[in-house]
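Now for the letters of each chain:
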Amino acid sequence: MLETKSICPYCGVGCGLILEVDNNLIMRLYPDQDHVVSRGHICGKGSTAHEPGNSWDRLLYPLKREKDVMVRTSWDNALQEIATKLLEIRKRYGPEAIGFYGGCQNTLEEGYTMMKLARALGTNNVDSCARVCHDPSATALKEMVGLGATSTSVTEIPRSKALVIVGESLTESHPVLVQYLSLLKKNNGKIAVIDPRTTGTAKMADLHLKSRPGTDIYLFNAVANFLISNNLYDRKFVEDRVDGFEEFSRLIKSYTIQEAERITGIEQHIIVEFARLISQKPVIFSWGLGLTQTGGPKAVRSLINLALLTGNVGIDGAGLLVYRGQTNVQGSGDLIKPNVFPNGPMALETAKELEKIWGFLPPMREGKTVTEALLGSDMKAIVLMNFNPAVSFPNRRKVENFLKSLELLVVMDPFMTETAKLAHYVLPSAMWTEKEGSVTSLDRIVKWRFKAASPPGEVKEELEILSLLADRLELKGFSRDPKEVFKEMKTVAKTYSNLTLDQVMDYSTPSRYPENDTVLYRTRFYTSNGKAKLKFEEQPEPKSGLILITGRAVTRYNTDEMISRTPGFSQLAPVIYLNLKDAQRLGIRDNDLVKVTSRCGMAILNARISPDVLEGTVFAYMHVRSINNVVCDELDPETKTPRYKYTEVSISKIENIY
Ligand SMILES: Nc1nc2c(c(=O)[nH]1)N[C@H]1C(S)=C(S)[C@@H](COP(=O)(O)OP(=O)(O)OC[C@H]3O[C@@H](n4cnc5c(=O)[nH]c(N)nc54)[C@H](O)[C@@H]3O)O[C@H]1N2
Ligand SMILES: Nc1nc2c(c(=O)[nH]1)N[C@H]1C(S)=C(S)[C@@H](COP(=O)(O)OP(=O)(O)OC[C@H]3O[C@@H](n4cnc5c(=O)[nH]c(N)nc54)[C@H](O)[C@@H]3O)O[C@H]1N2
Ligand code: SF4
Ligand SMILES: [Mo]
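Cut-offs applied
- Residues numbered from 1 in each chain as written.
- Chains lettered and ligands numbered in written order.
- Predicted model: local features only at pLDDT ≥ 70, side-chain atom pairs only at ≥ 80, totals over all residues.
- Heavy atoms only, no water.
- 1 Å grid on protein atoms, 1.4 Å probe; cavity = no way out; pocket = protein on both sides within 12 Å on 5 of 7 lines; lining within 4 Å.
- Points joined across faces, edges and corners; volume = space filled by probe spheres on them.
- Nonpolar A, V, L, I, M, F, W, Y, C, P; charged D, E, K, R; others polar.
- Helix = DSSP H or I, 4+ residues; strand = E, 2+ residues; numbered from the N terminus.
- Expected span 1.5 Å × (residues − 1).
- Buried < 20%, exposed > 50% of the residue type's maximum accessible area, 1.4 Å probe, protein only.
- Arc of directions from axis to C-beta.
- Contact = heavy atoms within 4.5 Å.
- Domains from an automatic or database assignment.
- Buried area = accessible area lost by both parts, 1.4 Å probe.
- Salt bridge = Lys/Arg side-chain N within 4 Å of Asp/Glu carboxyl O.
- Polar contact = N/O pair within 3.5 Å; in protein donor to acceptor, adjacent residues only side chain to side chain.
- Pairing = 2+ DSSP bridges.
- Axes fitted to C-alpha atoms, helices over the stretch in contact; angles between N-to-C directions.
- Near = heavy atom within 4 Å.
- Areas by Shrake-Rupley, 256 points an atom, 1.4 Å probe, with all protein chains shown as cover.

Asker: Explain empty space enclosed by the protein here, please?
Answerer: Once rolled over the atoms, a probe with the size of a water molecule shows which space is left empty. All told, the structure shown has 3 cavities of 30 Å³ or more when counted by the stated rule. As a volume, the second largest cavity reaches approximately 100 Å³. Along the walls of the second largest cavity sit 13 residues, with Cys 8, Cys 11, Cys 15, Cys 43 and Val 176 positioned nearest its centre. When the residues that make up the lining of the second largest cavity are grouped by side-chain class, the tally is 10 nonpolar, 2 polar and 1 charged.

So this is what it looks like as structure tokens:
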């Protein structure tokens, strides 16, 4: 039996795994004791992550739409026809009619190559699933501290006095990190959770601030004002290392604890207790989608302000921690953006630098984000690499209609997804165990996945698919060798330049980018003048109706393509959770069938009464397919991230269904 080290393909924790391989079959996998973050732990999804690859319904050869049926075709035909169509569309409508968009289980090398291919075709229409989760975090962090990534590490949690967790449920979404909450508690550290729901994580907290959705900015501003007015902030840190204090402290004055209670629904004494808790050192400020998918970068900035005011960045046991979602969402967000080059801002200087390495000058006009592209553009050709937006995007019907309207839709995926069903060409791609390449975890750890088995049937590795397509497009410089691509990638993306291939392949060292330290900014921030920036944000008027929140279940994963093909996981019940008071008001009882309606669409679900849900909100798992018929395509104006957790809905009981 051969053993190969790898990284879990699901969430951004990036747990270390050891695969046991026999005769080209992954027989079993178990946790890697030596992995610095997971330390021999694994969750249920990780422990079965090899199973979907063995599923009977893997796509084994390329498919092509002929009228309304998908028929088998050869790689040669498929790639030649796709190339011809792309060139035709470019000629007819210009390069901006074409877009390349990727999911975030793609490796750094795959994402980088897709991004380069789009630019070689003359378009900046490239993006990744990082857009829909933490682009607001990356945007706010880049602006305020200089790098769009975590400034600390989860391994620092046990050293802190307090851990603040905003809009994130570790027990569901990053279960292996729960061990760090236990270690923190053992060291008498405190946990504060800010979430409208009583999640498993909230149950572990010393302080649960059960806020109304979309009111975080008010809360953080009121706390900032309290800290400043009561001299509980770190004056020296702010004077030495932070810009913008005077203006910030002036603008924040109208935000009071009294008003915060009215707006957020949290009692004043709890807010004051929270303010005192974070005025200590060291404290870690961490967050998830509860911030980014409601208030976008504005909400993230208002939280970062608190870390800067209290001097909790750049020291052991403190910092800014983002619970990134997918296995390589950090890396995808670092490399693939429509408005930024992988080597820096979109400018002539960076373009010229790319020309030297790539042999062509990239286009200079900002491209479209994937949400702008799919939710109302007039683009004509889209290539999707392991992305399932027909299920994962808000206002699904609109996305579906758009995808159907395209002259060319190419989907790479191991499975016939809802998105693939709409494609003109479906190209079967390789599972994470069937190729090699690197991924960046939420902890900034970059690790190499080794190939454990060959892909089945005619399945091809994505790098090979992209490089063959580039050949047909007569574009040069698209290697199918992940090691070569890694080397090129790190000369382009300077934040990755500290790493060597040997370090990334060596599982006995963590290999973090852009420095191999758990804590960044010990002496300088990565901004141009080395200082961090405070940034005041105003609280927008919170929505008043019944708010639908969507989120994760520990036993499911995103659009469920993988878990639904994993033996041992039962089907997910299509349920919506309500508070008892709302249920009584609406005349709904436990287990009633209800119709959930928004201005975008509706779903029929089973009602469950739950004390965990705040009055005025309802909760559904995002894995329930029909829920994105209801979730509206309201995008954050700055980052175009959907407000997946902030849809006004109405609910009514369905009578006499039988
Ligand atoms: N088991 C499992 N794990 C996963 C995934 C999965 O599908 N399944 N997906 C992965 C991915 S892609 C991602 S991005 C991460 C996401 O991980 P999380 O960030 O944990 O994502 P969610 O569960 O969607 O939402 C987090 C929390 O935000 C809260 N929330 C909603 N509105 C607000 C608000 O206005 N303010 C505040 N403070 N909180 C609010 C919700 O109640 C919810 O508990 O998980 C990753 N891990
Ligand atoms: N209502 C609501 N909707 C949401 C969210 C929410 O909180 N609420 N969250 C959003 C977020 S944060 C995210 S990240 C998106 C995720 O949305 P998507 O990225 O669209 O969905 P995924 O299910 O993560 O996977 C995409 C594809 O990757 C393929 N895949 C998985 N593993 C492998 C592999 O090893 N090899 C290959 N080649 N392919 C693989 C799967 O078959 C799948 O089709 O959903 C978003 N949608
Ligand atoms: S916590 Fe995340 S990375 Fe770790 S085993 Fe579970 S799904 Fe995989
Ligand atoms: Mo995500």
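Let us keep going from here.
Asker: Is there a simple way to think about unusual backbone geometry in this case?
Answerer: With glycine set apart, most residues show a phi of negative sign, and most peptide bonds adopt trans. The step from Lys 281 to Pro 282 runs through a cis peptide bond, and the omega angle for that step is -5 degrees. Tracing the chain through its elements places Pro 282 in the loop between α11 (268-278) and β12 (283-287). Cis geometry marks the peptide bond from Tyr 513 to Pro 514; its omega dihedral reads -15 degrees. Considering the arrangement of structural elements, one finds Pro 514 in the loop between α21 (501-505) and β21 (532-533). One non-glycine residue, Lys 67, lies in positive phi territory at about 55 degrees.

Asker: Teacher, can you tell me more about helix α1 (residues 75-93) here?
Answerer: The periodicity of an α-helix, 3.6 residues per turn, causes residues three or four positions apart to be oriented the same way. Over its 19 residues, α1 extends 26 Å from the first C-alpha to the last, a length consistent with the 27 Å expected when each residue adds 1.5 Å. All of the buried residues along α1 are Trp 75, Ala 78, Leu 79, Ile 82, Ala 83, Leu 86 and Ile 89. Along the axis of α1, the buried positions cluster into a sector of 130 degrees, meaning they face one direction only. Facing away from the buried side of α1, by more than 90 degrees, are the exposed residues Asp 76 and Lys 91. Buried positions along α1 lie against β6 (98-102), β16 (381-385), β17 (408-413), β18 (425-428) and α19 (462-472). Just past α1, the residue Gly 94 takes up positive phi, approximately 95 degrees.

Asker: Just checking my understanding: could you explain the domain arrangement of the chain for this structure?
Answerer: Many authors give the size of an interface as the accessible area that is lost as the parts come together. Domain assignment breaks the chain into domain 1 (2-54), domain 2 (63-132 + 328-504), domain 3 (135-323 + 521-533) and domain 4 (546-653). Taking the mean C-alpha position of each, domain 1 and domain 2 sit 26 Å from one another. Counting residues at the interface gives 21 residues for domain 1 and 17 residues for domain 2. When domain 1 packs against domain 2, close to 1,400 Å² is buried across both sides, 67% of that on carbon and sulfur atoms. It is Ile 7, Pro 9 and Asn 24 that lose the most area in domain 1 upon contact with domain 2, and together they represent 30% of the buried surface on that side. Counting across the interface, domain 1 meets domain 2 through 0 salt bridges. Where domain 1 meets domain 2, there are 5 residue pairs in polar contact (both at pLDDT 80 or more). Going through the elements one at a time, β1 (2-7), β2 (16-22) and β3 (25-31) are the ones with two or more residues in the side of domain 1 that touches domain 2.

Asker: Even after reading the chapter, I still don't get the environment of Gly 545, so can you show me in this structure?
Answerer: Within the element layout of this structure, Gly 545 appears in the loop between β21 and β22 (546-551). The partly exposed category is assigned to Gly 545, whose relative accessible area is 28%. When the C-alpha atoms of Gly 545 and Asp 592 are compared, they prove to be 21 Å apart, with 47 residues separating the residues in sequence. Setting aside chain neighbours within four positions, we find Gly 545 in contact with Gly 616 and Glu 648.

Asker: Sorry, what's going on with the pattern of salt bridges here?
Answerer: For side chains bearing opposite charge, pairing can occur when the charged atoms are close. The tally for this structure, following the rule as stated, stands at 52 salt bridges. Where Arg 131 meets Asp 127, a salt bridge forms, and the shortest distance between an N and an O atom there is 2.7 Å. Each member of the pair, Arg 131 as well as Asp 127, is classed as buried. Across the salt bridge formed by Arg 643 and Asp 636, the nearest N and O atoms sit 3.9 Å from each other. According to the relative accessible area criterion, Asp 636 is buried, its value standing at 4%. Through salt bridges with shared partners, a single network forms among Asp 57, Glu 418, Lys 421, Glu 561, Arg 565 and Arg 625.

Asker: Is there a simple way to explain the sheet that holds β3 in this structure?
Answerer: Within a sheet, each strand pairs with its neighbour through backbone hydrogen bonds, oriented either parallel or antiparallel. If you walk across this open sheet you meet the 3 strands as β1-β2-β3, and the pairing is antiparallel. Pairing within the sheet leaves two strands with one partner each, and these edge strands are β1 and β3. Along the sheet, successive strands turn relative to each other by an average axial angle of 30 degrees, direction set aside. With 6 bridges connecting them, β2 and β3 associate as antiparallel partners. When the sheet's bridge partners are listed, Glu 20 is paired in β3 with Arg 28.

Asker: Would you explain the site of ligand 2 in this entry?
Answerer: Not every one of the 33 residues close to ligand 2 is listed here, only the nearest: Ser 392, Asp 413, Ala 430, Thr 559 and Asn 628. The side chain of Gln 326 places a nitrogen or oxygen atom 3.2 Å from an oxygen atom of ligand 2. Considering ligand 2 on its own, with 920 Å² of exposed area, one finds that the protein chains cover 97% of that surface. In terms of residue class, the shell around ligand 2 is made up of 15 nonpolar, 12 polar and 6 charged. Structurally, the shell around ligand 2 is a two-domain feature, drawing no fewer than three residues from each of domain 2 (63-132 + 328-504) and domain 4 (546-653).

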